[in-house]
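Analysis of the macromolecular model
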Amino acid sequence: MNTNTTSVWRKILKELEIVVVIPTYNNGKTLAAVIEEVYRYADDIIVINDGSTDDTANILEQYPAIRTITHPVNKGKGTALKHGLSQAKKEGFRYAITIDSDGQHFASDIPCFIEAIEKEPDTLLVGARNLASDNMPGKNTFANKFSNFWFRLETGLKLEDTQSGYRLYPLRKMDVQSCWYTAKYEFELEAIVFAAWGDVVVKNIPIHVYYPPQAERVSHFRPFRDFTRISVLNTVLVLITCLWIIPRNLLRKLSWSNCKRFFTDNVLNTRESNLKIVLAIMLGIFMGIVPLWGYQMLITLFLAHLFRLNKVIALVAANISIPPMIPLLLYGSYRTGCMVLGNPPDLHLGDLSLENVKSVLEQYLIGSIIFAMACSLLSGVISTALLAICRRKNGYD
């Protein structure tokens, strides 16, 4: 690590427009020590007193230079961080380093964040703890692995630690006041997911961590309630990923050169048979229409792997359910259901009775499966004809 003195680091933080944000709730035993350590590296500090009922307020009075945000009642770590980051952005800071007030993080790791952000400006840096360290609580290890899995599913990015509260946020690249952000511990996962969706680079950097013996720990994490909220959040994020983020990313790539490259690499020059390619297209089209919202891509990937079909082609075909196509697919499914069941295609939007809702849902569900099969077969016929023409000269027909 760079051996600059702490006074030099304070100057560097000033030049880089960095503020340190410390959320705290009933951590009176460790708060003063954390502030003293942070002061060795940073002059600009914001502390959010999130409704503490211990002597936190008295401790903060000893540091008049600190900007303090006080919540009369506890609102949760996510809300505290959101308010702290919003205040930092309002004051014009470019970056905010967040550090917990329970003494588990080392202010001496602040230079690690600085060195990393100087190499890659406007990156969101998440401190990666050694999950195999002594005294690491088992629930923390499980929660982090759980969070890492969902983060990768939702963004395609692999991180070693997605739950560490020791971070550097690039404030000018993020909408920290977004109403999407949640109130409790799940904020820290949601924040990096939305950052990644917003094309902010998210990376881990190694940090040190101290876990005191069990008898000395002060934890506000409630396993059942917090895991439940995190699970609900991840369900919503996966739905958004499948219904919006994946189609959005696909549309961004739909330039003529990218389409030509995809067609050349995955259709013209692949050694797979025409039949395999056609089946992959048919699978993707079918899965893109059937009402398995939020899980279409996962099931498509699983079935393509099971039947040894081209996963890339199947996933691309499944993106038939991109937002501009959704109204057409919904109407086609509903109209098909009406034809099969012999009912008139009248939604009766003014009638919200249980019987009417049940009838419309039945027509849509039955129609969507039949409509998906019909579209899948039609795509199979068309792709078979096109492949026979396009691939003949390549010798793969």
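Everything quoted here is computed from the prediction, not taken from an experiment.

1. Observations regarding the overall build of the protein chain
For the protein chain, the count of helices and strands is 14 helices and seven strands. Counting across all 397 residues of the protein chain, residues that qualify as buried make up 46%. For the protein chain, the computed accessible surface area is about 20300 Å², with 62% contributed by carbon and sulfur atoms.

2. Examining a nonpolar patch on the surface
A cluster of nonpolar side chains, V340, L341, I369, I370 and M373, forms an exposed patch at the surface whose accessible area comes to about 390 Å². If you list the elements that add at least two residues to the nonpolar patch, you get α13 (326-341) and α14 (354-390). Sort the elements by how many residues they give to the nonpolar patch and α14 lands first, with three residues. Within the fold, I369 resides in helix α14.

3. Observations concerning the pattern of salt bridges
Across all of its chains, the model carries 11 salt bridges by this definition. Ionic pairing is found between D44 and K14, a salt bridge with its closest N-O pair at 3.2 Å. Of this pair, D44 sits in the loop between α2 (28-39) and β2 (45-50) while K14 sits in helix α1 (residues 6-15), and the two are 30 residues apart along the sequence. A salt bridge links R172 to E17, with the nearest nitrogen and oxygen atoms 3.1 Å apart. A residue pair is termed long-range when its members are at least 10 positions apart, and R172 in the loop between β6 (167-170) and α7 (187-197) and E17 in the loop between α1 and β1 (18-24) qualify at 155 residues. Residue classification places R172 among the partly exposed residues on the basis of a relative accessible area of 48%. E17 sits in the partly exposed class, given a relative accessible area of 31%.

4. Comments concerning the packing of aromatic side chains
Enumeration over the complete set of coordinates arrives at five aromatic pairs. The interplanar angle of 45° and the centroid separation of 4.9 Å between the aromatic rings of F113 and Y166 together place this pair among those described as tilted. One end of the pair, F113, is in helix α5 (residues 110-119); the other, Y166, is in the loop between α6 (138-155) and β6, and 53 residues separate them in sequence. When its relative accessible area of 0% is taken as the criterion, F113 is described as buried. Where F146 meets W150, the ring centres are 6.3 Å apart and the plane angle is 70°; that geometry is what we call edge-to-face. On the criterion of helical spacing, the pair formed by F146 and W150 is a turn pair, its members being four residues apart in helix α6. Of the residues examined, F146 reaches a relative accessible area of 22% and is grouped as partly exposed. One aromatic cluster is present, formed by F146, F149 and W150 through successive ring pairs.

5. Some thoughts on the sheet that holds strand β4 (residues 95-98)
Across a sheet, paired strands are connected by hydrogen bonds in the backbone, their directions being either parallel or antiparallel. Taken in spatial order, the seven strands of this open sheet run β3-β2-β1-β4-β6-β5-β7, and their pairing is mixed. Only two strands of the sheet have a single neighbouring strand rather than two, namely β3 (67-71) and β7 (202-206). Between one strand axis and the next, the sheet turns through 20° on average, direction left out of account. Packed onto the sheet, helix α4 (residues 77-90) meets β1, β2, β3, β4 and β6 and runs at close to 150° relative to β2.

6. Examining the environment of T56
Here T56 is to be found in helix α3 (residues 56-61). Along the sequence, T56 and Y25 sit 31 residues apart, while their C-alpha atoms lie 8.0 Å from each other. Not counting the four nearest positions on each side in its chain, T56 is found in contact with T24, N26, N27, G28, L31 and N49. At 2.7 Å, the side chain of T56 forms a polar contact with the side chain of D54.

7. Considerations on the confidence of the model for the protein chain
Should the pLDDT be low somewhere, the predicted coordinates at that spot are not to be read in detail. Scored by pLDDT, the protein chain has a mean of 85; 85% of the residues are at 70 or more. At the level of individual helices and strands, the protein chain shows its lowest average pLDDT in helix α9 (residues 256-268), which scores 72, and its highest in β4, which scores 98.

8. Regarding the environment of R308
Here R308 is to be found in the loop between α11 (296-306) and α12 (311-318). For the pair R308 and K276, spaced 32 residues apart in sequence, the C-alpha separation works out to 8.5 Å.

9. Side note on the pairing of β1
Taken across its seven residues, β1 has seven buried, putting it largely inside the fold. Side chains of β1 alternate between two faces, with I18, V20, I22 and T24 and V19, V21 and P23 buried alike. Looking at chain direction, β1 and β4 are connected through four bridges and run parallel. In the strand pairing of β4, V20 is matched with I97. Both β1 and β2 contribute to a ladder of five bridges, which runs parallel. If you follow I22 over to β2, its bridge partner there is V47. Assessed by its sense of winding, the connection that carries the chain from β1 through α2 to β2 is right-handed.

Cut-offs used in this document
Residues numbered from 1 in each chain as written. Predicted model: local features only at pLDDT ≥ 70, side-chain atom pairs only at ≥ 80, totals over all residues. Heavy atoms only, no water. Helix = DSSP H or I, 4+ residues; strand = E, 2+ residues; numbered from the N terminus. Buried < 20%, exposed > 50% of the residue type's maximum accessible area, 1.4 Å probe, protein only. Areas by Shrake-Rupley, 256 points an atom, 1.4 Å probe, with all protein chains shown as cover. Patch = residues over 30% accessible without salt bridge, like charges linked within 9 Å, V, L, I, M, F, W, Y side chains within 5 Å. Salt bridge = Lys/Arg side-chain N within 4 Å of Asp/Glu carboxyl O. Phe/Tyr/Trp six-rings, centres within 6.5 Å; stacked < 30°, edge-to-face > 60°. Pairing = 2+ DSSP bridges. Axes fitted to C-alpha atoms, helices over the stretch in contact; angles between N-to-C directions. Contact = heavy atoms within 4.5 Å. Polar contact = N/O pair within 3.5 Å; in protein donor to acceptor, adjacent residues only side chain to side chain. pLDDT = per-residue confidence, 0-100. Right-handed = clockwise from strand over helix to strand, strands pointing away.

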